[in-house]
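What the coordinates show
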Amino acid sequence: MPQDERDQEKTTIYDVAEHAGVAISTVSRVLNNSQDVSDATRETVMEAIRELQFRPNRTAKSLAQRATRTIAVAVPTFTTPFHNELLKGVRDRLDDADLDLLLCDLDWEAPRATLLNFLERGAMDGLVVAGLPINQDTADDLLTLGAPVVLIGSEWPPLDSFYWDEEPGVKLAVNHLIDQGHTRIGMITTPHDNRLRNARVNGYREALQEAGLEYDDTLVAHGQTRKHDGFSEESGYEAMNELLALDAPVSAVFASSDVQAIGAWQAIRESGSEVPDDYSLVGYDDIKVSRFIGLTSVAQNMHYVGERATDVLLDRLNNTGSDDPVSELVKPELKVRKSSQGPVN
């Protein structure tokens, strides 16, 4: 195909080959993860793919091989309310689509290896992946999949992505408690040193310092239960008991997930105290149950994100919509309910 004709269309394998200075067959081998390519050549091709924002399209091939197309959704776990909200959004958008749905349960300890093993077991036409730590190696794995990929929780051009800026959401929660008059505010987090945990602790620290309150790391507690990477009712229960045992008690608590807040609420109740009369409590995620029990929470709008991610994936599969990568920063919203109020005099 002449270059001037290709310039009027989206990037093709021809453009990648020309940009990298290799044969089309070499690009194909890289895209299919063939071992018959040197590391230096593979890196040259991958750099061309990144620079040109090339999206391999497997739709036609898949249609020729199977009557029904298949998409996959990969999440760290299917058993948390947070990820259930995402899956409900995906499901709602697929109700009228002639697509098979595969689910991949990523391992909290080794998500990349788990995903690669899943991808090697069968072909798919598109992938939505949530909660996957992203770096250049992982991005290259996804770029060479040969199918559209939508990231949730991470941003990595040229992949489509929906993601959050954690600090502003945490500040909404902590500033709400400060505005209510609380000056000694505890935080429940997880024991793991990772991007999500550190970003939420930073948001908590910054909110306190901007209000002229001292950050005290003895007020940052976590449980010992490792289930769901520490985002569980059990972990929140254990962490709240640590805060309750402090010589100088807190009057309010921000939990970095709603399920932790629910566990903390039970620990408060067992101590003979009540929410919000004795302790104000704010969670994060705004899962469905929080709306029914009256838990103040920061909404991440996971159902909306699941719907939007699926819409983008369907556009890619049907060759509709813009060729430009979608990169959407989802803004958090504070949902104030009965669990938070000013300190009792």
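Look a little higher up for the structure.
Okay, so let's go over this structure. Residue positions are given per chain, counting from 1 as you read along its sequence in written order. Note on the predicted model: pLDDT of at least 70 is required for a residue's local features to be given, and 80 or more for side-chain atom pairs to be given and counted; whole-chain, interface and lining totals, by contrast, use all residues. Hydrogens and water molecules were not included; the side-chain quantities draw on all heavy atoms of the structure.

As for the overall build of the protein
Keep this limit in mind: The helix and strand labels rest on DSSP assignments: H or I over at least four residues marks a helix, E over at least two residues marks a strand, and numbering proceeds from the N terminus. Accessible area is worked out with a 1.4 Å probe on protein chains only. A residue is then buried under 20% of its type maximum, exposed over 50%, and partly exposed in between. By the convention used here, residues are in contact when the closest approach between their heavy atoms is within 4.5 Å.
Summing up its helical and strand segments, the protein has 14 helices and 12 strands in all. Considering the protein as a whole, with its 345 residues, one finds that 50% of them fall into the buried category. Long-range pairs, those at least 24 residues apart, make up 70% of the contacts in the protein between residues at least 6 apart in sequence.

Looking at unusual backbone geometry
Across the junction of Pro157 and Pro158, the peptide omega takes the value 10°, indicating a cis bond. For Pro158, the location among the structural elements is in the loop between strand S4 (149–152) and strand S5 (160–163). Notably, Asp285 is not glycine yet its phi reads approximately 125°, a positive angle. Its place among the elements puts Asp285 in strand S9 (residues 280–285). We note that Asn319 has phi near 55°; this positive angle belongs to a residue other than glycine. Note on placement: Asn319 falls in the loop between helix H14 (302–317) and strand S11 (327–329).

Structural notes on the pairing of strand S6 (residues 185–189)
Quick reminder of the rule: Pairing between strands requires that DSSP locate at least two bridges from one strand to the other. Note on handedness: a crossover is taken as right-handed if, strands pointing away from the viewer, the path from the first strand over the helix to the second is clockwise.
Along S6, five of the five residues are buried, which leaves the element largely enclosed by surrounding structure. By the alternation rule, side chains of S6 split into Ile185, Met187 and Thr189 and Gly186 and Ile188, which are all buried. With four bridges connecting them, S6 and strand S8 (residues 252–255) associate as parallel partners. If you follow Met187 over to S8, its bridge partner there is Phe254. When S6 meets strand S7 (residues 220–222), the two strands line up parallel, connected through three bridges. Bridge pairing links Ile188 to Ala221 in S7. Between the parallel elements S6 and S7, the chain passes through helix H10 (residues 195–210) in a crossover that is right-handed.

Details of the environment of Asp92
Basically, it comes down to this: For this analysis, a polar contact is any N or O atom pair within 3.5 Å, provided that within protein one partner can donate a hydrogen and the other can accept it, and provided that sequence-adjacent residues contribute only side-chain to side-chain pairs.
Checked against the element boundaries, Asp92 lands in helix H6 (residues 81–94). Classification of Asp92 by relative accessible area gives partly exposed; the value is 29%. Along the primary structure Asp92 and Glu307 are separated by 215 residues, whereas in three dimensions their C-alpha atoms are 7.1 Å apart. In this structure the side chain of Asp92 is engaged in a polar contact, spanning 2.8 Å, whose partner is the side chain of His303.

Description of the nonpolar core
Applicable threshold: Side-chain atoms within 4.5 Å link the members of a nonpolar core, which is a set of buried Ala, Val, Leu, Ile, Met, Phe, Trp, Tyr and Cys residues.
Counting 36 residues, the largest nonpolar core has Val174, Ile185, Ile188, Tyr204, Met240, Phe254 and Leu281 as its most contacted members. At the level of secondary structure, the elements contributing two or more residues to this core comprise helix H9 (166–179), S6, H10, S7, helix H11 (233–244), S8, helix H12 (258–270) and S9. With near-sequence residues (within four places) excluded, Leu281 lies in contact with Val253, Ala261, Ala264, Trp265, Val275, Leu295, Thr296, Ser339 and Ser340. Counting residues in hydrophobic clusters, the runner-up holds 32 residues, among them Ala17, Val30, Met46 and Leu106.

Some remarks on the sheet that holds S4
To keep it simple, the criterion reads: The axes are straight lines fitted to the C-alpha atoms, using for helices just the contacting stretch, and the angles between their N-to-C directions are given from 0 to 180°.
Spatially, the six strands line up as an open sheet ordered S2-S1-S3-S4-S5-S11, and their pairing is parallel. Both edges of this open sheet fall to strand S2 (99–105) and S11, since each of them pairs with a single strand only. Taken pair by pair, the neighbouring strands of this sheet meet at an average axis angle of 15°, ignoring direction. Strand direction decides the pairing type here: S4 and S5, joined by three bridges, are parallel.

Looking at helix H7 (residues 111–120)
The condition that has to hold: The directions from the helix axis to the C-beta atoms are what the arc is built from.
Turning to H7, its buried residues are Pro111, Leu115, Phe118 and Leu119. Down the axis of H7, the buried set is contained in an arc of 95°. They therefore lie on one face. If you follow the buried residues of H7, they end up packed against strand S1 (69–75), S2, strand S3 (126–130) and helix H8 (136–143).

Here's the deal with the packing of aromatic side chains
Which entries qualify depends on this criterion: Paired rings are identified among Phe, Tyr and Trp, the last through its six-membered ring, by centres lying within 6.5 Å, and are further divided according to the angle between planes into stacked (under 30 degrees), edge-to-face (over 60) and tilted (the rest). Throughout this description, the term charge over a ring refers to an Arg CZ or Lys NZ atom that lies within 6 Å of the ring centre and within 35 degrees of the ring normal.
For the structure shown, the criterion picks out two aromatic pairs. With centroids separated by 5.9 Å and ring planes inclined at 75°, the aromatic side chains of Tyr204 and Tyr215 adopt a geometry described as edge-to-face. In this pair, Tyr204 is assigned in helix H10 and Tyr215 in the loop between H10 and S7, connecting sequence segments 11 residues apart. Take Tyr204: its relative accessible area is 0%, and that puts it in the buried class. Residue Tyr215 is classed as partly exposed on the basis of its relative accessible area of 21%. When the ring centre of Tyr284 is taken as origin, the NZ or CZ atom of Arg200, which lies over that ring, is 4.1 Å away. Lying over the aromatic face of Tyr215, Arg205 brings its terminal NZ or CZ to 4.5 Å of the ring centre.

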